[in-house]
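A structural walkthrough
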Amino acid sequence: MPRRKILWPPILTFLFCLSVAGFSSFVSSTAQVSVAGVPTKSKLTESKPQKPYFDDIGSKNVTAVVGQSALLNCRVKHPGDRTVSWMRKRDLHILTSGIHTYTGDGRFSVRHPEHSDDWDLRIEYVQKRDAGVYECQVNTEPKISLPIMLNVDDPNFLADAQASIVGSPEIHVMKGSTIAITCTVNVYSTPPSSVHWYHGKSVVDFDSPRGGISLETEKTEAGTTSKLLITKALLSDSGNYTCMPSNATPASAAVHVLNGEHPAAMQTSSGQHCIPLVPVCMMVILMVVSS
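Presented here is a report on the structure given in the accompanying data block. Sequence order sets the numbering: in each chain, residues are counted from 1 along the sequence as written. A pLDDT threshold of at least 70 governs which residues receive local features in this predicted model, and a stricter bar of 80 or more applies before side-chain atom pairs are shown or counted, although totals over entire chains, interfaces and linings include all residues. Processing note: side-chain calculations cover all non-hydrogen atoms of the structure and skip hydrogens and water entirely.

A word on the overall build of the protein. Helix and strand assignments follow DSSP, with helices taken as H or I runs no shorter than four residues and strands as E runs no shorter than two, numbered in order from the N terminus. Regarding its fold elements, the protein presents 3 helices and 20 strands. The classification of residues rests on relative accessible area computed with a 1.4 Å probe and restricted to protein chains. Under 20% of the type maximum is buried, over 50% is exposed, and intermediate values are partly exposed. Burial status across the protein gives 34% buried among its 291 residues. By sequence separation, contacts in the protein at least 24 residues apart represent 61% of the contacts at least 6 residues apart. We call two residues in contact when some of their heavy atoms are within 4.5 Å.

Following this line, the structure appears as C-alpha cells:
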C-alpha cells in the first residue's frame, strides 16, 4: 500500500518557525551568563578596577639639615584596598604601614590627610645617620615601590644659608582678601631641593577642603623664591607662617586677618603694603599752613 504524504497547513508551519526563532534568541541571550549567574570574562574585564600607580610630584632627591624636619613625598593614585608603607632601605626596616608607625623612633610618622592620595614620610630632628634611601611601597602583586634619597647636611656648613621674608614680618589683611607671603633663600651653589610652609606647627595642606591655597616657586642664579598665596582669607588663617627650606635656616611671618579693623599698615590683594594716609595728610596740612 503506497505511503501517503502528510501536508502541514501553512499556519502550522509559520507557528513552528516562530517557536524555533524564539528559542534561538533565548539561548543566545543566556549564553552571556553562567549557570551561577556570574558575568562572562568580557564583562569582568569591563569592570576591572584600575591598578595603583605613583604620581611623581615630589623630588626623588631630598636634602635636609641636621636638627630640622624632612618630608619625603609619596602620592599613590587608585590605591583601592592596598596598603601604602615606608621602608628604610639600609636595614629593610618597615617604618610605617597605612597610618600606623612601626618603629620605636618617635621622630618618624606618616602624613596622610583624609581622603587624599598623599602618604608622606615625616622625619623630625633629622640626624646624619638618617641619610640614605627610603622606599614608599604598595602591596600589589607584584609589589611597586618609589625610592627617595635623603641627604643630610651639617648645619655648620650652611651657617650662612638663610631664608628671609620679603617685606614686613607682620602682615595685616582684611577678611576675604588674598594673603601673599614671599620667602627668599640665599643659597646659590646648592638650591634647596624643597621649601615647605608651616601654619603654626602644621604643614600647609594645598589639597585641603578649604581650597584657594597655592605655591609659586622660582629657582634662579640669584637664589630661590617661594611665594605662598591664600585667597579669600578667613579669620582662622591668622597665625604664624614659617618658610622652611631643606638646606637653610627658616624664616617666619605673623599674619593677622582682620574683620573690619584698619591698622596703620595693610596688605593689598596683590601682596603690597599701603602707605598710611594719616601722616601724609598731616604733612600736607602743615605745609599749607606754613606757606
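Picking up where we left off.
Moving on, we get to the sheet that holds strand β13 (residues 170-174). Pairing between strands is defined by DSSP: at least two bridges between them are needed. The 5 strands lie next to each other as β13-β20-β19-β15-β16, forming an open sheet whose pairing is mixed. The sheet is open, and its two edges are formed by β13 and β16 (202-203), each paired on a single side. Direction of pairing for strand β19 (residues 239-245) relative to strand β20 (residues 251-258): antiparallel, over a ladder of 5 bridges. Within β20, the position partnered with Y241 by the bridge is A253.

Another aspect to go through is the state of the cysteines. What counts as a disulfide here is a pair of cysteine sulfur atoms lying within 2.5 Å. As enumerated under the stated definition, the model contains 2 disulfides in all. Taking only the cysteines that form disulfides and numbering them from first to last, the protein has the pattern 1-2, 3-4.

Let's shift gears to the sheet that holds strand β8 (residues 108-111). Sheet strands pair via backbone hydrogen bonds, and the direction of the pair is either parallel or antiparallel. A sheet is described by the order of its strands in space; here 3 strands give the open sequence β3-β9-β8, paired in antiparallel fashion. Each edge of the open sheet carries a strand with a single partner, namely β3 (70-72) and β8. Across the sheet, the mean angle from the axis of one strand to that of its neighbour is 25°, orientation sign disregarded. Of the pairings in the sheet, the one linking β8 to strand β9 (residues 120-123) comprises 4 bridges and is antiparallel in character. Looking at β9, one finds that V110 is bridged to L121. Fitted lines through C-alpha atoms serve as axes, helices being fitted only where they are in contact, and the angles separating the N-to-C directions of these axes extend from 0 to 180 degrees.

We now examine the pairing of strand β18 (residues 223-230). If a strand is regular, its side chains alternate between the two faces of the sheet. When you tally the buried positions in β18, you get 6 out of 8 residues, the bulk of the element. Pairing of strand β14 (residues 179-185) with β18, which is carried by 7 bridges, proceeds in the antiparallel orientation. By the bridge assignment, T184 is partnered in β18 with T225. In this sheet, β18 lies alongside strand β17 (residues 213-220) in antiparallel orientation, the contact comprising 8 bridges. Bridge pairing in β18 links E218 to T225.

All right, on to the pairing of strand β11 (residues 144-153) then. Strand direction decides the pairing type here: strand β2 (residues 61-65) and β11, joined by 5 bridges, are parallel. What sits directly across from A64, in β11, is V152. Pairing analysis gives 7 bridges linking strand β10 (residues 132-138) to β11, with the strands arranged antiparallel. When the bridges of β11 are listed, V138 appears paired with I144.

What follows deals with the environment of T103. Relative to the helices and strands, T103 resides in the loop between β7 (100-101) and β8. Looking at T103, its side chain comes within polar contact range of the main-chain nitrogen of D105, at 3.2 Å. Here a polar contact is taken to be a pair of N or O atoms separated by no more than 3.5 Å, where protein atoms must pair a possible hydrogen donor with a possible acceptor and residues adjacent in sequence count only if both atoms sit in side chains.

What follows is about the pattern of salt bridges. Between side chains of opposite charge, a pair can form when the charged atoms approach closely. Criterion for a salt bridge: a side-chain nitrogen of Lys or Arg within 4 Å of a carboxyl oxygen of Asp or Glu. Enumeration according to the criterion identifies 11 salt bridges in this entry. For E124, the salt bridge is made with R122, and the minimal N-O distance between the two is 2.6 Å. Its salt-bridge partner being D237, residue R210 comes within 2.7 Å of it at the nearest N-O pair. One end of the pair, R210, is in the loop between β16 and β17; the other, D237, is in the loop between β18 and β19, with 27 residues separating them in the sequence. Residue R210 is classed as partly exposed on the basis of its relative accessible area of 29%. Through salt bridges with shared partners, one network takes in R75, D118 and D207.

Glancing now at the side chain of T242. Examined against the element boundaries, T242 turns out to sit in strand β19. Relative accessible area serves as the criterion here: at 11%, T242 is assigned to the buried category. One polar contact links T242 to N240, side chain to side chain, over a distance of 3.4 Å. Within the structure, the side chain of T242 is placed 2.9 Å from the side chain of S252, a separation counted as a polar contact. Not counting residues up to four positions away in its chain, the partners in contact with T242 are H196, W197, Y198, P250, A251 and S252.

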